Amino acid sequence: MAKMEVKTSLLDNMIGVGDMVLLEPLNEETVINNLKKRFDHNEIYTYIGSVVISVNPYRSLPIYSPEKVEDYRNRNFYELSPHIFALSDEAYRSLRDQDKDQCILITGESGAGKTEASKLVMSYVAAVCGKGAEVNQVKEQLLQSNPVLEAFGNAKTVRNDNSSRFGKYMDIEFDFKGDPLGGVISNYLLEKSRVVKQPRGERNFHVFYQLLSGASEELLNKLKLERDFSRYNYLSLDSAKVNGVDDAANFRTVRNAMQIVGFMDHEVESVLEVVAAVLKLGNIEFKPESRVNGLDESKIKDKNELKEICELTGIDQSVLERAFSFRTVEAKQEKVSTTLNVAQAYYARDALAKNLYSRLFSWLVNRINESIKAQTKVRKKVMGVLDIYGFEIFEDNSFEQFIINYCNEKLQQIFIELTLKEEQEEYIREDIEWTHIEYFNNAIICDLIENNTNGILAMLDEECLRPGTVTDETFLEKLNQVCATHQHFESRMSKCSRFLNDTSLPHSCFRIQHYAGKVLYQVEGFVDKNNDLLYRDLSQAMWKAGHALIKSLFPEGNPAKINLKRPPTAGSQFKASVATLMKNLQTKNPNYIRCIKPNDKKAAHIFNEGLVCHQVRYLGLLENVRVRRAGYAFRQAYEPCLERYKMLCKQTWPHWKGPARAGVEVLFNELEIPVEEYSFGRSKIFIRNPRTLFKLEDLRKQRLEDLATLIQKIYRGWKCRTHFLLMRKSQIVIAAWYRRYAQQKRYQQIKSSTLVIQSYIRGWKARKILRELKHQKRCEEAATTIAAYWHGTQARRELKRLKEEARRKHAVAVIWAYWLGLKVRREYRKFFRANAGKKIYEFTLQRIVQKYFLEMKNKVPSLSPIDKNWPSRPYLFLDSTHKELKRIFHLWRCKKYRDQFTDQQKLIYEEKLEASELFKDKKALYPSSVGQPFQGPYLEINKNPKYKKLKDAIEEKIIIAEVVNKINRANGKSTSRIFLLTNNNLLLADQKSGQIKSEVPLVDVTKVSMSSQNDGFFAIHLKEGSEAASKGDFLFSSEHLIEMATKLYRTTLSQTKQKLNIEISDEFLVQFRQDKVCVKFIQGNQKNGTVPTCKRKNNRLLEVAVP
Ligand SMILES: Nc1ncnc2c1ncn2[C@@H]1O[C@H](COP(=O)(O)OP(=O)(O)OP(=O)(O)O)[C@@H](O)[C@H]1O
Ligand SMILES: [Mg+2]
């Protein structure tokens, strides 16, 4: 859906008046008050017709956003509140659509915001013109030329932290579609004196500080520079740092911008080298040196700096040194060399520095132009933006201010001319009678300066070219003679000046009454600056430089092209370039931005009325307004006028069918506006007095309020009616729905009542039928019951009769049987009594035994010999059988168990059995041995190399090999011995060496004694008189006593066929050599612990304490 366009106007919500043409009454005070009022409300832009007045806000306002650009895009100039974008849009559109070349002239004093305004115009145009990769690159290059030129051409002054120290005019070129193609920049008069000296509180050009702060150490070394500003005489120190400015960051921005603009790396390098050379030049100092012929001569104090400059620039040191010491003047093939005194040497040095820098700046502008120039040769449309230094009035005004102010005079003139011309043209175009306007024309001041015969510039040139001694004073004298009568020139010495009495004028000064105010100029330096002299020796030295850029900057130094003609003076050069500029501007459609500085403090929110008043005066704003509203204060095309005011007349409201002009005529007639208050042009209505316009505006406002009330009324009526209709419609719908619902509900009720009644009646009928049916059934059942009872009675009677009959028959049969039995028993009694009792008994017994065995078959317990279960006995008479059977079964299952044994197992069990027979219930140690398997050779003498000898000595099979404690017969202490039992012998050997200590043949062993207690002591008694018995019996103790005794018993039995006597007693005698000693076992003595101890009590008693 198309966006509804809301027609707005500059007149909407105005603060003060947006266009000062409408100011009523019109005077200086109202103009300033209006500007102030708007400024206080952040409205920094105000129109005078199509001229934009801009008051520097000194702070960033949110009025330049992309949304704002869109707001102003393609809107009429007076449609929105005043803005620089409106002017830019107007200029751009008339360039694009009407093919008119444009120029935007931005004027105002230093710090008023000209440069910012020019950048805003450029950025607006860049935002609204065509897009695309190529176009964007062009735009970017055009925009990025600004930071480069600002770095080299701007400086901090007391008036502006970023003051442009050169004039700049930039032509932006567009193709027929309005896409940018490129541009051309012209620069005017760089303030080069700043390079060598800056007024107090000001700085040199930004680039010097940017380079020193932002360059890397490496770059600084390469340029032979040091970061410290104080090292350089050309840099003023008191304000080297500017608040809110980051020089290092700006250096990066500038290098980046140079890259975008198209500078090659080596070009950037060359430029920086020149900058470095200029800085270093300032450090060259001279000292006086007298020569014999009395002429003054100077000498360089410290040649180090000179050497470095020469290295940087590739100049032969001796050449440059000579250029600082001598001056060669050539005249008619004659060369005369004179020495330079110290002052002249310093002059030469500074002249070189200034020239080097200003030529570098011009080179930069040309280089940028080369990059940004349009690539095609098609016809171009041009938009020129002029940002030139504003009018300057300082305490000390010199040649530069004179030149700058001259330029401003010219601009004011062109402004007056073009504004008037435009105004006049419009009147003619619109066929309105032209009325003459009184205004100040500054052509007379321009003439005072630029007149070719007696203008100040011409006088200066004449003085400079004149032979003989020329000084600033002679120049002033000349002026006094020639210009004295001029009404805008004043000087103390002027002969017939009207201001002769004005002693406030100092000597060696002249004053010009510019259109913008009076300015006092010091003549000192005029001649020199106009001459702009650089000694030829220096330019030749520069031309000889190995540095290509420097060489190209001094073409006049080429000896082959020596030109004895003096170069044009600075003044005449400037005049010429201003003339070209004016010519250029005159061919274009001018757009004006007049910048005003609200205060001297560079501060926001301060509006110094005195300062603004001064600017309003010299900018000629009042004149501007007067010119603009000469005759008619306000004009407007018929269509927008009718559109805006058509509601004031019945015929034109809401729609006017005829042409707009007729509509406006009807409107004005209807409103009874006096005929002398307005005029009808061809396309516009001209209103003589702002009062009329404001009256129209008031009426419109009133009418709009009425209309708003009307609209409100109609809207409210409409709203209420629609609301009512909606309610009514809703009510009908609701009623219909409700009726339907109520009827439905009633119907449901009737239906359910009917059903209830129906069901009651049906129920009543059914019950009646049921009752009848029940009665009928009961009657039938009663008959059946009666019949049944009757049949029952009959049947029971019959049954009774039949039972009686049967009983009688049974009784007869029983009696008969008894009778028969009796008869038979009587007959057979004699056979029956003799055998029957025994037979029955035997049979019964047989049955019982048979049953017993069959049952036992299923009840026998498991085959485990240790299972003690056995079924209980069923009959007492089978008790012995039952026990026997248990025994047989046990024997049988033991046999079964034994049958499974291998021979070795059998042997083990045999031994265990033997042990059991020998020791069970006799020796307390026995139970603990049952679980231990008998191993026999515990000591594996085969495997132990220690016992190899012992093993070799024994040839028989070893039955027991075990370490035992042998009890010493003398004291009861024990020593370890290896106890060996073979088939025929019993051997004792030393445990450590394995050496055999004793050997007893088994036939010599008579008895083994031991206690009944839980100890391992045992004695082996030997046959008296045998060889082994010479030392007496052995007393041992061993853990495996039971096994040892058993094995000894079995071996003796098998070898000697005699049972070994084993005596178990707690007291027995042992033969110790000749003595018989009693070994007595006594029960427990707790302090000995769990080990039995043995103690010799006396000759006859050895006591063993068993725990
Ligand atoms: N529209 C603006 N919005 C915000 N600040 C502004 C605006 N215009 C100017 N300024 C501030 O004022 C300062 C001075 O502006 P600018 O450099 O444009 O002055 P100038 O007229 O070019 O001065 P000169 O003649 O010395 O070059 C800017 O650095 C900026 O801080
Ligand atoms: Mg500027």
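Residues numbered from 1 in each chain as written. Chains lettered and ligands numbered in written order. Predicted model: local features only at pLDDT ≥ 70, side-chain atom pairs only at ≥ 80, totals over all residues. Heavy atoms only, no water.

Trainee: Could you clarify how one ought to interpret the overall build of the protein chain in this entry?
Mentor: Counting its regular elements, the protein chain contains 31 helices and 31 strands. Against the 2.2 N^0.38 benchmark of 32 Å for 1107 residues, the protein chain shows a C-alpha radius of gyration of 73 Å, more extended than a compact globule. With the C-alpha coordinates of the protein chain rotated into their principal frame, the extents come out at 205 × 140 × 55 Å. Considering the protein chain as a whole, with its 1107 residues, one finds that 46% of them fall into the buried category. Taken as a whole, the protein chain presents about 60800 Å² of accessible surface, with 53% of it coming from carbon and sulfur. Charged side chains of the protein chain number 175 positive and 136 negative; the gap between the two group centres comes to 20 Å. (Helix = DSSP H or I, 4+ residues; strand = E, 2+ residues; numbered from the N terminus. Rg over C-alpha atoms; globule rule 2.2 N^0.38 Å. Buried < 20%, exposed > 50% of the residue type's maximum accessible area, 1.4 Å probe, protein only. Areas by Shrake-Rupley, 256 points an atom, 1.4 Å probe, with all protein chains shown as cover. Lys, Arg positive; Asp, Glu negative; His and termini not counted. Charge placed at Lys NZ, Arg CZ, Asp CG, Glu CD.)

Trainee: It is not clear to me how the pairing of strand β25 (residues 1017-1022) should be interpreted in this structure. Could you clarify?
Mentor: In regular strands, side chains alternate between the two faces of the sheet. In terms of burial, β25 is a largely internal element, six of the six residues being buried. Neither face of β25 is left uncovered, since the one carrying F1017, A1019 and H1021 and the one carrying F1018, I1020 and L1022 both have all their residues buried. When strand β24 (residues 1005-1010) meets β25, the two strands line up antiparallel, connected through five bridges. Looking at the pairing, V1005 lines up with L1022 of β25. Counting the residues between successive antiparallel strands, the hairpin from β24 to β25 contains six residues. Across four bridges, the pairing between β25 and strand β26 (residues 1034-1037) is antiparallel. (Pairing = 2+ DSSP bridges.)

Trainee: It is not clear to me how the site of ligand 1 should be interpreted in this structure. Could you clarify?
Mentor: By nearness alone, 17 residues border ligand 1, and S110, K114, T115, S163 and S164 come closest of all. Interatomic distance of 2.8 Å between a backbone N/O atom of G111 and an oxygen atom of ligand 1. G113 places a polar main-chain atom, nitrogen or oxygen, 2.9 Å from an oxygen atom of ligand 1. Computed on the free molecule, ligand 1 has an accessible area of 620 Å², of which 86% lies beneath the protein chains in the complex. Breaking the shell around ligand 1 down by element, the ones donating at least two residues are α4 (114-128) and β5 (163-164). In terms of residues, the shell around ligand 1 owes the most to one element, α4, which gives three residues. (Near = heavy atom within 4 Å. Polar contact = N/O pair within 3.5 Å; in protein donor to acceptor, adjacent residues only side chain to side chain.)

Trainee: Just to check I follow, could you spell out α4 for this structure?
Mentor: With 15 residues, α4 extends 21 Å from end C-alpha to end C-alpha; this agrees with the ideal 21 Å at 1.5 Å per step. Of all 15 residues in α4, eleven are buried, a share of seventy percent or more. Of all the positions in α4, only K114, T115, A117, S118, L120, V121, M122, Y124, V125, A126 and V128 are classed as buried. (Expected span 1.5 Å × (residues − 1).)

Trainee: Please explain a negative patch on the surface as it appears in this structure.
Mentor: A surface patch of like charges, here negative, comprises E395, D396, E473, E477 and E524. Looking at the secondary structure, you find E473 in helix α17 (residues 472-482). E473 gets classed as partly exposed once you look at its relative accessible area, which sits at 45%. (Patch = residues over 30% accessible without salt bridge, like charges linked within 9 Å, V, L, I, M, F, W, Y side chains within 5 Å. Salt bridge = Lys/Arg side-chain N within 4 Å of Asp/Glu carboxyl O.)

Trainee: How do you make sense of the coordination of the magnesium ion (ligand 2) when you look at a structure like this?
Mentor: Each pair of donors in an ideal four-coordinate tetrahedral metal site encloses 109.5 degrees, whereas pairs in an ideal six-coordinate octahedral site enclose 90 or 180 degrees. Taken together, T115 (OG1) and S164 (OG) make up the protein donors of the magnesium ion (ligand 2), found 1.9 to 2.1 Å from the metal. Separated by 49 residues along the polypeptide, T115 in helix α4 and S164 in strand β5 bring together distant segments of the chain. Assigned by exposure class, T115 and S164 land together as buried. (Donors = N, O, S within 2.8 Å, 3.2 Å for Na, K, Ca; no water.)

Trainee: Is there a simple way to explain α17 in this structure?
Mentor: Residues of α17 that are buried include every one of D472, F475, L476, K478, L479 and N480, and no others. On its buried face, α17 sits against α16 (456-465), β13 (489-491), β14 (509-514) and α18 (526-531). (Contact = heavy atoms within 4.5 Å.)

Trainee: For this particular structure, what's the right way to read empty space enclosed by the protein?
Mentor: Gaps left between atoms are located by rolling a probe of water-molecule size over the structure's atoms. Counted under the stated rule, the structure contains ten cavities of 30 Å³ or more. In this structure, the largest cavity spans a volume of roughly 100 Å³. The wall of the largest cavity is formed by I48, S50, V51, L418, T419, E422, P590, N591, Y592, N624 and R628. Looking at side-chain class alone, the lining of the largest cavity contains five nonpolar, four polar and two charged residues. Its boundaries defined by the atoms lining it, the second largest cavity holds a volume of some 80 Å³. Counting only elements with at least two residues in the lining of the second largest cavity, the list comes to α4, α5 (133-153) and β6 (167-174). When grouped by side-chain class, the residues that make up the lining of the second largest cavity number nine nonpolar, no polar and one charged. (1 Å grid on protein atoms, 1.4 Å probe; cavity = no way out; pocket = protein on both sides within 12 Å on 5 of 7 lines; lining within 4 Å. Points joined across faces, edges and corners; volume = space filled by probe spheres on them. Nonpolar A, V, L, I, M, F, W, Y, C, P; charged D, E, K, R; others polar.)

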